[in-house]
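# Geometric and topological summary
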Amino acid sequence: MSTATLAPTTGVGEQVARKKRTTYEPIPMRTIMGVELRKMFDTRSGFWLMASIVILSVIATGAVILFAPADEQTYDSFAGAIGIPMTIVLPIIAALSITSEWSQRTGLTTFTMVPSRSRVVVAKLIDTVLIGITSILVALAVGALGNVIGSQLAGVPTTWDMTVSEVLYILAGNGLGLLMGFTLGVLFRNSAAAIVGYFVYSMVLPTLSALLAGAQDWYADAQRWVDFQFNQTGLFDGGFTAQDWASLAVTGAAWLLLPLAFGLWRVLRSEVK
Amino acid sequence: MINVSHLSKTYGAFRAVDDVTFTAHPGRVTGFLGPNGAGKSTTMRIMVGLTPSSSGEATILGRHYSDLPNPGREVGVLLDASAQHAGRTGREILTIAQRTMRMPKGRVEDMLALVSLTDEEAGRRVRDYSLGMRQRLGIAAALIGDPEVLILDEPANGLDPAGIRWMRDLLRGFANHGGTVLLSSHLLHEIEVIADDIVVIGQGRVVAQGTKHELLEAAGTYVRAADHAALAAALNAAGHHTEQSDQGLRTEATTDEVGTVALAAGIALRELRPADGAGLEEMFLALTADTQRDDTTDTNAGAAA
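Residues numbered from 1 in each chain as written. Chains lettered and ligands numbered in written order. Predicted model: local features only at pLDDT ≥ 70, side-chain atom pairs only at ≥ 80, totals over all residues. Heavy atoms only, no water.

As recorded by an unreviewed UniProt entry, chain B carries the name ATP-binding cassette domain-containing protein and is attributed to Nocardioides agariphilus. One UniProt comment on chain B, placed under Sequence similarities (unreviewed entry), says "Belongs to the ABC transporter superfamily." (UniProt positions renumbered as here; feature names shortened; annotations may be inferred.)

The name given to chain A in an unreviewed UniProt entry is ABC transporter permease subunit, with Nocardioides agariphilus as the source organism.

Turning our eyes to something else, we now look at the interface of chain A and chain B. On the chain B side, the residues contacting the 37 residues of chain A number 43 residues. Roughly 3600 Å² is buried in total at the junction of chain A and chain B, and carbon and sulfur atoms are behind 54% of that figure. Of all residues in chain A, Y24, R38 and M113 of chain A bury the most surface against chain B, accounting for 18% of the area lost on that side. Between chain A and chain B we count four salt bridges in total. Between R105 of chain A and D80 of chain B there is a salt bridge, with its nearest N and O atoms 2.9 Å apart. Seen at the junction of chain A and chain B, the total is 13 residue pairs in polar contact (both at pLDDT 80 or more). Listing elements by their share of the side of chain A that touches chain B, those giving two or more residues are α2 (12-19), α3 (29-41), α4 (44-67) and α6 (107-113) of chain A. (Contact = heavy atoms within 4.5 Å. Buried area = accessible area lost by both parts, 1.4 Å probe. Salt bridge = Lys/Arg side-chain N within 4 Å of Asp/Glu carboxyl O. Polar contact = N/O pair within 3.5 Å; in protein donor to acceptor, adjacent residues only side chain to side chain. Helix = DSSP H or I, 4+ residues; strand = E, 2+ residues; numbered from the N terminus.)

Another aspect to go through is the domain arrangement of chain B. Note: interface size is frequently given as the accessible area lost on complex formation between the parts. If you check the domain split of chain B, you get domain 1 (2-215) and domain 2 (220-275). Taken over C-alpha atoms, the centre of domain 1 of chain B sits 42 Å from the centre of domain 2 of chain B. (Domains from an automatic or database assignment.)

To continue, consider the domain arrangement of chain A. All names here are of chain A. Under the domain assignment used here, chain A contains domain 1 (24-192) and domain 2 (200-262). The straight-line distance from the C-alpha centre of domain 1 to that of domain 2 is 22 Å. Residue-level contacts link 15 residues of domain 1 with 16 residues of domain 2. Summed over both partners, the interface of domain 1 with domain 2 comes to about 1300 Å²; 82% of that surface belongs to carbon and sulfur atoms. Contact with domain 2 buries surface across domain 1, with Y169, L176 and M180 losing the most and accounting together for 46% of the total. Across the domain 1-domain 2 interface, the total number found is zero salt bridges. On the surface where domain 1 and domain 2 come into contact, there are two residue pairs in polar contact (both at pLDDT 80 or more). Counting residues per element, the ones that place at least two in the side of domain 1 that touches domain 2 are α5 (75-103) and α8 (164-188). Here the side of domain 1 that touches domain 2 takes 13 residues from α8, the largest share from any one element. Split by residue class, the side of domain 1 that touches domain 2 holds 10 nonpolar, five polar and no charged. (Nonpolar A, V, L, I, M, F, W, Y, C, P; charged D, E, K, R; others polar.)

All names here are of chain A. Structurally, L153 is set in helix α7 (residues 117-154). L153 gets classed as exposed once you look at its relative accessible area, which sits at 65%. The sequence separation of L153 and I27 amounts to 126 residues, and the corresponding C-alpha distance is 54 Å. (Buried < 20%, exposed > 50% of the residue type's maximum accessible area, 1.4 Å probe, protein only.)

Before going further, it helps to spend a moment on empty space enclosed by the protein. For the structure on display, the rule yields two cavities of 30 Å³ or more. When its volume is computed, the largest cavity comes out at roughly 450 Å³. Lining the largest cavity are 35 residues, and of these T109, T110 and M113 of chain A together with Q84 and A141 of chain B sit closest to its centre. Counted by class, the lining of the largest cavity contains 21 nonpolar, nine polar and five charged residues. By volume, the second largest cavity amounts to about 60 Å³. Taken together, A79, I82, G83, M86, I136, A139, L140, I170 and N174 of chain A form the lining of the second largest cavity. At the level of secondary structure, the elements contributing two or more residues to the lining of the second largest cavity comprise α5, α7 and α8 of chain A. It is α5 of chain A that contributes the most residues to the lining of the second largest cavity, four residues altogether. The residue inventory of the lining of the second largest cavity, partitioned by class, reads seven nonpolar, two polar and no charged. (1 Å grid on protein atoms, 1.4 Å probe; cavity = no way out; pocket = protein on both sides within 12 Å on 5 of 7 lines; lining within 4 Å. Points joined across faces, edges and corners; volume = space filled by probe spheres on them.)

In this section: the confidence of the model for chain A. Residue and element names in this part refer to chain A. Averaged over all residues, the pLDDT of chain A equals 89, while 92% of them reach at least 70. Across chain A, the element-wise mean pLDDT spans from 39 in helix α1 (residues 2-5) up to 97 in α3. Per-residue pLDDT stays below 50 along residues 1-18; that stretch engages in 14 contacts with residues further than four places along the chain or on separate chains. (pLDDT = per-residue confidence, 0-100.)

We now examine the packing of aromatic side chains. As enumerated under the stated definition, the model contains 13 aromatic pairs over all chains in all. Pairing W102 of chain A with F111 of chain A gives two aromatic rings, centres 5.6 Å apart and planes at 50°, and the pair type is tilted. This pair shows no difference in class: W102 of chain A is buried, exactly as F111 of chain A is. Ring centres 6.0 Å apart and planes at 50° place the aromatic pair Y201 of chain A and W255 of chain A in the tilted group. Of the two residues, Y201 of chain A is situated in helix α9 (residues 191-215) and W255 of chain A in helix α12 (residues 242-269); the sequence distance between them amounts to 54 residues. Clustering of aromatic rings is evident, with ring pairs tying together Y198, F199, Y201, F228 and W255 of chain A. We note R117 of chain A situated over the ring of F111 of chain A; from NZ or CZ to the ring centre the distance is 5.7 Å. Residue placement shows K9 of chain B over the ring face of Y11 of chain B; its charged tip is 5.2 Å from the ring centre. (Phe/Tyr/Trp six-rings, centres within 6.5 Å; stacked < 30°, edge-to-face > 60°. Lys NZ or Arg CZ within 6 Å of the ring centre and 35° of its normal.)

Taken as a whole, the largest pocket holds about 330 Å³ of empty space. Residue lining of the largest pocket: 20 residues in total, with K39, G46, L96 and S100 of chain A together with H85 of chain B positioned closest to the centre. Those elements that place two or more of their residues in the lining of the largest pocket are α3, α4 and α5 of chain A. Ranked by the residues each element gives to the lining of the largest pocket, the list is headed by α5 of chain A, at six residues. Grouping the amino acids of the lining of the largest pocket by side-chain chemistry returns five nonpolar, 10 polar and five charged.

So, in structure tokens, the structure goes:
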């Protein structure tokens, strides 16, 4: 066999066949995750978006120290103040991680290097969840520092009025917000649409839902089984009962899982231009 | 080796790619020529799995692109040099490719040197790149995985004449080392300069393909004589069709045949030569005229040639 192929009639074409015939290892998931993480930090806008988490935590902490009365210089106040910017920034980070592939057209390169789009999307999802958890822990640390300083300045004893379970509720609440941003990114594949979509979800819909619940008794009873945002923000207050978890799961499936599944289905089939 | 077999893509009633079949061979540069909107880019996007085909298939090195375990190591792709995050530096874009393909770190600097981007340019953000610099960066990204096959969509766009020459030499070297190159262009001149084989596409269909030699040969012979009427009669009698062209005659007969006929008929010739790419160019212009879009680029092509 080898003597036959090495016969003298070697055209230019045949030289190639022997140039190399290596089988390459598939690209491991950790490589894709590493690259996608890098892509979230390696532009000015990406870098400042990440930096804004720390900056906003510091500003929120400073605001509590300056403006909150002495008896409210407690850890709960600091955590609450820091949590507000977090519920906006994290979903935006999650949405942009997906939409930039389309808005900036980098998907042309990304999906050529890694043809399995689902692996890229999963890598981005894991990365954003890790960023979310890290951000909240950093924010809580900044808040803790603020709590020590604030109570010292106010001359009151430092109060650590937050339990581990409350921290977990905050993580869960922010985590679901982040997933909502990610879902909108996958669904719209357009940065502006995803961000507007998130503000509609987090600000416009709750107002309408609350108005309707105030005006219509039947909706006030049904709200928890319809309004995901109502359940999601409920997490920040903690103390969920079995029924709370059930309504969270039901609305989460409808608002989060279904659109995410539909969006993924479209991402896998759509044309990348 | 790239094999495209009966590939079609329809958007509603519109057939963007219509039963396209061709092969790009190793050791050769294959030019994919057609006016804007002819279906070149769509065909290339289908090859690398970015666009699903409606029917037919494309294989690269015997496999579907999506089945390649680490595609960048086997196929270098440049589809649109401007499709990059404008806020990334050139070096960062190459680093992302190098890490994704799991190439050694030094590969980034090697590629920057290969495409002559300076250290300072590599540190600049891509929004500040000229189109020519973006093309060089895109070629660097395509080559970073040391692939066997190159698929390049309009890579010469935005390059100056020296840049086009540089790219021709680069691709020639790549093919001479046994690589397969497929590059597209809407400019006949570019393809003539760079390609060995040519596939001409218009309105989604392959309208001609063959080696550059064959296609240019098919253009026939240009001849001028003292007595055109007598020469035309003699050629027609010998079974060759002729037509008036500029100052002389065009015929599909070879220069040898025309010479022999003229000698036998005793007609003095003033000029006798292959008709160059005239036939190919006319076919190409006819294609472009149909799409009514390329008036300016045609003029450029003519001027450049």
